[in-house]
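Working through the structure, step by step
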Amino acid sequence: MGKGGEDYGKREKIGTESQNQGNVFPAWAKDVKECEKKYEVNREFGLSTGDVEKRLKIYGYNELEKHEGVSIFKLILDQFNDTLVRILLAAAIISFVLAWYDGEEGGEMEITAFVEPLVIFLILIVNAIVGVWQESNAEKALEALKEIQSEHATVIRDGKKFSSLPAKELVPGDIVELRVGDKVPADMRVLNLISSTLRVEQGSLTGESEAVNKTVKAVAENTDIQGKKCMVFAGTTVVNGNCICLVTETGMNTEIGKVHSQIHEASQNEEDTPLKKKLNEFGEVLTMLIGIICALVWLINVKYFLTWEYVDGWPKNFKFSFEKCTYYFEIAVALAVAAIPEGLPAVITTCLALGTRKMAQKNALVRKLPSVETLGCTTVICSDKTGTLTTNQMAVSKLVAMGSRVGTLRSFNVEGTTYSPSDGKIEDWPVGRLDYNLQMIAKIAAVCNDAGVEQSGNHYVAGGLPTEAALKVMVEKMGFPGGLNNESSSGHEDVLACCRLWNKMEQRIATLEFDRDRKSMGVIVNSSSGKKSLLVKGAVENVLDRSTSIQLLDGSVVALDQYSKDLILQSLHEMSTNALRCLGFAYKEDLSEFATYSGDEDHPAHQLLLEPRNYPSIESNLTFVGLAGLWDPPRKEVRQAIEDCKAAGIRVMVITGDHKNTAEAICREIGVFGPDDDISSKSLTGRDFMDHHDQKTHLRQSGGLLFSRAEPRHKQEIVRLLKEDGEVVAMTGDGVNDAPALKLADIGIAMGIAGTEVAKEASDMVLADDNFSTIVAAVGEGRSIYNNMKAFIRYMISSNIGEVASIFFTAALGIPEGMIPVQLLWVNLVTDGPPATALGFNPPDGDVMKKPPRKSDDSLISVWILFRYLVIGLYVGIATVGVFIIWYTHHTFMGIDLSGDGHSLVTYSQLANWGQCGSWKDFSVSPFTAGPQVFNFDANPCEYFRSGKIKASTLSLSVLVAIEMFNSLNALSEDCSLVRMPPWVNPWLLLAMSISFALHFLILYVPFLAQVFGIVPLSLNEWLLVLAVALPVILIDEVLKFVGRCTSGLRHSGSRRPSKHKAE
């Protein structure tokens, strides 16, 4: 970058110093000559080769920095910076070491021992790959920013013009020529206009809705970026005219360079989503609980692997059993595996992915999965105005024509918000009976106009200036004298039929281009009557000043008196107050110089047209005929969307680069503000907000807020302050200038149609239709998805509590281990997975958008829910351990015969002290069958408690699976009974339960899998026992839900206190 590392560093230093010390030369506030003197350059000669080389060493190349990305190694390490992942990793390592130790002794359990650590390692590897892939895409916004930079420039150096110099070689002081269509290569001061006007499209950088006229005149030093009319900025495009400019800033010191820095800074400050934070907190609590339970298990069982004798009151003769110690190590590993819902990340990802599909159907394209969940707790939507709240299509809203006598005006409201001629009509319009005055307005609007409108699919698009396109649409709505438009304009082929007829009647032979001084455009036409006429449209005050008469309704022309002029200006003021952009129409028929002119270059009159300074005199003594008010109308569906936001407790803040009056009028129109609200404290410019003495208090006001003339840094500051105050912020934007704030917001939302690639890459979500109401629909979907995620997280955690309880009871009672870690892993990953995923398909609540947004720090599991699942977990523990004990100690249970396999019974005391089996006299057990296998213990009866526990262990595992399937039905609703919300409201859940049972049968009845998982097939009676022990879980939770419904008022009254903002 630059001329190697040294130059790059030097340039950075200069840029930083100048910004910090306020030493940036304000070229926009200085005269042209002063600018040339400062940069030691002559516009005719340009810089010399020697000067360029010196400046390149100081400033470096004119390109954006390439920030060093995070190394792949660090990205991989970061994936393990998570509490749950660390516990799993530790469990996998310990499990692997123990499997290796056991493997040296051989035996049938060797395969089983290695499956568990390998599966855990596989989970961790897949998790790391997904995480690295997501994070490596984070910096694409910076790459997209580079795409909008110009590659070449026309430069004057050493007195010669170089038409295709690489733009990266530009330095401050270079003289550059810009033409129509050029992309501006650096920030530059306009020195000289070659054409009469220069217009630049800079909306993507400044947020302005229209191309901006540029001038050579200096402006005040403290002017905001939109007001710097004598400056052109890197990355913007020239749409009209050409000029000579002086480069003032290059590379990272340009406005686009500052945006680049802000995007990079914002990307460094990305925070975890609310769900990620809650899961991290849950992981920390889980770590503590696992630690406590492991310690308890060890303390309870320390007598089995560590013994001693008391001699003279002191413990001596310690005996340590390494084999039993490793056995309890395995129990600790089993605890870790049981406590962690390994399938949770996969289920969350699946649920979020399904959510993105649902949102895509509603035109919201989600780029980052966690954004789906974050949308659900959005508390503030910061929206751009142009194109999001409005259509980004100009439309005529009001037409004012002259009355039947002096001192009277006629006003017509024009319906429609798009470029479609059939979108709306003109109220109280004399269809087919246009008077002379209205005909003249239609003629001027149609002929003094360079725009076009075309049909593209189901919508209409403008070619040329939006204001001119809107005027042509108005002409189509006005119709043609005699009603010819009814047949013509409705035709699919000819969208602008009326305009074509007017252009056929009034053939243009010369154009007086618009310029910033006279603020009007004129055309000389050869009328069908054979006369030459001048048709003019432009700023109402300017056209009116050059008018000496007005045309009345019947076509008669009378002198323009002061009363009529004041009346027209009063109408103009009313329309301007309502944020309408007004254009006046006038004509002139006495054109003596052009009487014989037909466009011939040799005609004397042609010389007059070559000099723009002659245009004001040609456009004098005009006859004024009327005026039209145009606006960028709000989208029809936005008002309802704003109402939905209010009902959902979401505040809407409009942040726009547009003018204050225009923005205020739109905000009143769409319902952000009421029609009669005093908004003096709620509507500020970006600069006023930055100067505000208490910014946070201003942002905390209830209802909507408006920030107009906002710059990128203002948007960032607003987002930053809102986030500091605990708000979850969704920010919309389409331009380069919006990218830093999009990156900084909790949810960055870019426009799919009008948005730049930079904005899209910086965003979390893209609106395919650029529509604000789509955001509101997406928020509703996000809330519904979160509720479903809560359901399956509750389900999976309650299942894990049951598994922990099972292992704890096993250890506490001293009976043989009921379930081995690989079985628990299978349950957590495979068996629990389908029902948990299916819970993501729960139908949304009808009132999901009528509740206030949940706070981002609301607990995932309330105290009551935790208590409920501790009770359920306790039952799961009792049931799984109980069925294990029943098989060893009973031949019948609840009338179910269990003696069919021929197994021997033992007493509970023997089962609890199975470790002392070797010392029992005359202890023997008979063989038993399990499927085709026969288990014989003649060689070592004590194996009955080790390899012989396989049937009891299978029963425990089957009870666990069955209970968790029934428990998934409990998770359909937090408080609703299964009577009110039966299982078939979510048919996917029933299908998922069937799949989970099928998978369990698979590992039971396929011999190879049965061996891997250390289980055996069960008989019909044994399945009846499983169901008898598992079904009560539904009844227990129904009772708890009933208690929950009865006490919900008491529980929620304490939590419904006014929210307090974070202390500043």
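Residues numbered from 1 in each chain as written. Predicted model: local features only at pLDDT ≥ 70, side-chain atom pairs only at ≥ 80, totals over all residues. Heavy atoms only, no water.

Side note on unusual backbone geometry
Located in the positive-phi region is Asp158, a residue other than glycine, with phi close to 55°. In this model, Asp922 sits at a positive phi of 55°, which is unusual for a non-glycine residue. Here Asp922 lies in the loop between helix 33 (908-912) and strand 33 (928-930). Given the relative accessible area of 79%, Asp922 is considered exposed. (Helix = DSSP H or I, 4+ residues; strand = E, 2+ residues; numbered from the N terminus. Buried < 20%, exposed > 50% of the residue type's maximum accessible area, 1.4 Å probe, protein only.)

Notes on the state of the cysteines
Per the stated rule, a full pass over the model turns up 1 disulfide. Not engaged in a disulfide, the cysteine Cys35 finds its nearest cysteine sulfur in Cys230; these two sulfurs lie 7.5 Å apart. Judged by its relative accessible area of 0%, Cys35 is buried. The class for Cys230 is buried, based on a relative accessible area of 0%. (Disulfide = S-S within 2.5 Å.)

Concerning the packing of aromatic side chains
The full count for this structure, using the stated rule, is 24 aromatic pairs. Judged by centre distance (5.2 Å) and plane angle (80°), the rings of Trp920 and Phe923 are edge-to-face. By relative accessible area, which is 22% here, Trp920 ends up partly exposed. With a centroid separation of 5.9 Å and 15° between ring planes, the pair formed by Phe923 and Phe945 is classed as stacked. On the criterion of sequence distance, the pair formed by Phe923 in the loop between helix 33 and strand 33 and Phe945 in the loop between strand 34 (933-935) and helix 34 (950-970) is long-range, its members being 22 residues apart. Side by side, Phe923 and Phe945 carry an identical accessibility label, which is buried. An aromatic cluster of at least three residues, connected via ring pairs, comprises Phe884, Trp887, Tyr888, Trp920, Phe923, Phe928, Phe935, Phe937, Tyr944 and Phe945. Over the ring of Tyr61 we find Lys168, and its NZ or CZ is 5.0 Å from the ring centre. (Phe/Tyr/Trp six-rings, centres within 6.5 Å; stacked < 30°, edge-to-face > 60°. Lys NZ or Arg CZ within 6 Å of the ring centre and 35° of its normal.)

Brief notes about the environment of Arg55
Looking at where Arg55 falls in the secondary structure, it is placed in helix 3 (residues 49-59). Sequence separation of Arg55 and Gly173 is 118 residues, and the distance between their C-alpha atoms is 8.9 Å. The residues contacting Arg55, other than those within four sequence positions of it, are Tyr39, Glu40, Leu47, Gly60, Val171, Pro172 and Gly173. In terms of polar contacts, Arg55 uses its side chain to reach the backbone carbonyl oxygen of Tyr39, at 2.8 Å. (Contact = heavy atoms within 4.5 Å. Polar contact = N/O pair within 3.5 Å; in protein donor to acceptor, adjacent residues only side chain to side chain.)

Some remarks on the UniProt feature "transmembrane region" (unreviewed entry) in the protein chain
Within this numbering scheme, the UniProt entry marks residues 83-101, 113-133, 285-306, 326-354, 792-815, 861-888, 988-1008 and 1023-1043 as carrying the feature "transmembrane region" (unreviewed entry). For residues 792-815, the end-to-end C-alpha separation is 32 Å, with 92% helix and 0% strand making up the annotated structure. Each end of residues 988-1008 is marked by a C-alpha atom, and these two atoms are 30 Å apart; helix forms 95% of the span and strand 0%. (UniProt positions renumbered as here; feature names shortened; annotations may be inferred.)

Regarding empty space enclosed by the protein
Enumeration according to the criterion identifies 6 cavities of 30 Å³ or more in this entry. The computed volume of the second largest cavity comes to approximately 50 Å³. Listing elements by their share of the lining of the second largest cavity, those giving two or more residues are strand 14 (395-402) and helix 15 (466-478). Per element, the largest residue contribution to the lining of the second largest cavity is 4 residues, and it comes from helix 15. Considering only residue class, the lining of the second largest cavity consists of 7 nonpolar, 1 polar and 1 charged. (1 Å grid on protein atoms, 1.4 Å probe; cavity = no way out; pocket = protein on both sides within 12 Å on 5 of 7 lines; lining within 4 Å. Points joined across faces, edges and corners; volume = space filled by probe spheres on them. Nonpolar A, V, L, I, M, F, W, Y, C, P; charged D, E, K, R; others polar.)

Observations regarding the pairing of strand 17 (residues 459-463)
Alignment of strand 16 (residues 452-456) against strand 17, held across 5 bridges, turns out to be antiparallel. In the strand pairing of strand 17, Gln455 is matched with Tyr460. In this structure, the hairpin formed by strand 16 and strand 17 is closed by a connection of 2 residues, where Gly457 is found at a positive phi of approximately 70°. (Pairing = 2+ DSSP bridges.)

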